[in-house]
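Spelled out from the first residue to the last, the chains are:
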Amino acid sequence: MENSDIVLSVKNLCKTYEGTGHKVQALKNVSFHLYRGELLAVMGTSGSGKSTLLNILGALDEPNEGMIMLNGMVKENMFTEPYATQYRRENIGFIFQSFNLLKDLTVEENIALPLILKGKESDEIDKKVRQMLEMVGLMEWKKHRPIQLSGGQQQRVAIARALITSPPIVLADEPTGNLDFNTSTDILNVLVDMKKRFHQSMIVVTHDPFVATYADRVLFFRDGQIVDVYRCTYEQEDLDRILEKFKKIMGKSQ
Ligand SMILES: Nc1ncnc2c1ncn2[C@@H]1O[C@H](COP(=O)(O)OP(=O)(O)OP(=O)(O)O)[C@@H](O)[C@H]1O
Ligand SMILES: [Mg+2]
């Protein structure tokens with residue numbers, strides 16, 4: 001791979017949380033690349049540092065050590081406000097397990113929000129929102145409020161909102177965690193579709209080996225470290241291989 005194929009480089013990332021009388025090393029020297037257009041899954045036991053990693057990549061939390069390069073450049077002050085907010089608006093699309101939609105806004109208003117915050121013209125906003133509504137199949141629901149939608153539909157809104165600014169990276173923390181099997185499959189297909197259409201680079205945290213089979217590569221975390229990697233073949237065998245590796249790290253962490 002050429003360097004220009006790398007959208008995100010993470011080098012020796014360390015994060016320690018200090019509580020009263022105890023320290024938790026949530027990340028220990030984590031290094032990896034995310035390639036342009038890659039869907040990278042992150043799996044690991046509970047407490048292995050997956051959310052901590054996403055929070056740091058999204059400038060919601062600050063590492064103690066390490067370096068993050070986006071498109072070959074270190075973003076100055078990316079953890080200090082107001083630059084952190086600016087970094088997030090320009091570079092990151094977030095998708096959460098709990099959808100995190102604004103309940104008083106309609107579907108189309110929720111999707112438009114990142115562009116409104118960027119101060120875009122209303123013509124451009126309307127056009128982009130229409131495109132996104134069509135892509136996630138929610139045109140008929142645009143005037144509804146989140147509470148009137150199913151979980152899967154709400155997650156579609158969240159995906160449209162995350163992608164409307166065409167961010168260099170999308171970060172998803174357990175995006176199917178609150179959904180049943182069929183709805184999860186449906187949402188995963190939407191994500192893969194977005195990846196194909198926009199060559200979207202994404203990191204998806206999951207504890208579900210089936211979800212990980214939709215990725216190009218899987219990083220396995222244990223105790224704040226990357227302990228294994230699997231490159232998907234997009235064949236039937238992926239599920240067994242991922243399951244095997246996941247069981248192995250589960251066993252060792254106990
Ligand atoms: N704000 C915080 N303050 C103190 N400790 C924290 C904080 N956030 C996370 N931790 C600790 O850091 C470690 C990693 O947590 P993290 O949430 O990243 O795990 P995770 O892999 O996302 O787990 P899960 O699969 O349960 O979501 C855990 O031991 C957790 O208790
Ligand atoms: Mg987590």
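The structure we're discussing is the one just above.
None of the values given here were measured: they were computed from a predicted structure.

**Considering the site of ligand 1**
Okay, step 1: All residues adjacent to ligand 1 are Tyr17, Val24, Ala26, Thr45, Ser46, Gly47, Ser48, Gly49, Lys50, Ser51 and Thr52.
Okay, step 2: At 2.6 Å, a side-chain N or O of Ser46 approaches an oxygen atom of ligand 1.
Okay, step 3: Separating an oxygen atom of ligand 1 from a backbone N or O atom of Gly49 is a distance of 3.1 Å.
Okay, step 4: Relative to its unbound accessible surface of 630 Å², ligand 1 loses 55% to contact with the protein.
Okay, step 5: When residues of the shell around ligand 1 are assigned to their parent elements, the largest contribution, 3 residues, is made by helix α1 (residues 50-57).
Okay, step 6: Split into classes, the residues belonging to the shell around ligand 1 amount to 3 nonpolar, 7 polar and 1 charged.

**What to know about the packing of helix α3 (residues 107-117) against helix α5 (residues 151-163)**
Okay, step 1: α5 packs onto α3 with a crossing angle of 30° between their chain directions and a minimal axis gap of 7 Å. When the axis of α3 is compared with that of α5, the two are roughly parallel. Crossing geometry of α3 relative to α5 is assigned as right-handed. Contact with α3, carried on its side by Val107, Asn110, Ile111 and Pro114, involves Val157, Ala160 and Arg161 of α5 and no other residues of that element.
Okay, step 2: A breakdown of the residues in the contact of α3 with α5 according to their chemical character gives 5 nonpolar, 1 polar and 1 charged.

**Examining the side chain of Lys15**
Okay, step 1: Structurally, Lys15 is set in strand β1 (residues 6-18).
Okay, step 2: For Lys15, a relative accessible area of 9% gives the class buried.
Okay, step 3: Every residue in contact with Lys15, bar those within four places of it in the chain, is listed here: Val24, Gln25, Ala26, Leu27, Thr52, Ile56, Asp61, Glu62, Pro63 and Asn64.

**A word on the pattern of salt bridges**
Okay, step 1: Enumeration over the complete set of coordinates arrives at 11 salt bridges.
Okay, step 2: The salt bridge partner of Glu38 is Arg217, with a shortest N-O separation of 2.6 Å. With Glu38 in the loop between β2 (23-35) and β3 (39-44) and Arg217 in strand β9 (residues 217-222), the pair connects residues that are 179 residues apart, well separated along the chain.
Okay, step 3: The partner of Lys103 in a salt bridge is Asp104, with the nearest N and O atoms 3.6 Å apart.

Each value, and the rule that gives it
- Within every chain, residues take consecutive numbers counted from 1 along the sequence as written.
- A letter from A marks each chain and a number from 1 marks each ligand, given out in the order of writing.
- This being a predicted model, a pLDDT of at least 70 is required before a residue's local features are given, and a value of 80 or more before pairs of side-chain atoms are given or counted; all residues contribute to the totals for chains, interfaces and linings.
- Hydrogen atoms and water are omitted, and side-chain values are computed over all heavy atoms in the structure.
- In this text, near means that some heavy atom of the residue lies within 4 Å of the molecule or strand in question.
- Between N or O atoms, a polar contact is any pair within 3.5 Å; within protein, one atom must be a potential hydrogen donor and the other a potential acceptor, and residues adjacent in sequence are included only when both atoms are from side chains.
- Each accessible area is a Shrake-Rupley estimate made with a 1.4 Å probe; only the visible protein chains count as cover when residues are assessed.
- Segments assigned H or I by DSSP are reported as helices when at least four residues long, segments assigned E as strands when at least two residues long, and all are numbered from the N terminus.
- Here the term charged refers only to Asp, Glu, Lys and Arg, the term nonpolar to Ala, Val, Leu, Ile, Met, Phe, Trp, Tyr, Cys and Pro, and the term polar to all other amino acids, Gly among them.
- Each axis is a line fitted through C-alpha atoms, taken for helices only over the stretch in contact, and angles between the N-to-C directions span 0 to 180 degrees.
- For classification purposes, angles smaller than 35 degrees are called roughly parallel, those larger than 145 roughly antiparallel, those between 65 and 115 roughly perpendicular, and all remaining angles oblique.
- Crossing handedness is defined as follows: a turn of the near helix away from the far one that is anticlockwise and smaller than a right angle gives a left-handed crossing, while the clockwise case is right-handed.
- In what follows, a contact means two residues having at least one pair of non-hydrogen atoms within 4.5 Å.
- Each residue is placed in one exposure class: buried if its accessible area under a 1.4 Å probe, protein chains only, is under 20% of its type's maximum, exposed if it is over 50%, and partly exposed if it falls in between.
- Whenever Lys or Arg places a side-chain nitrogen within 4 Å of a carboxyl oxygen from Asp or Glu, that contact is recorded as a salt bridge.

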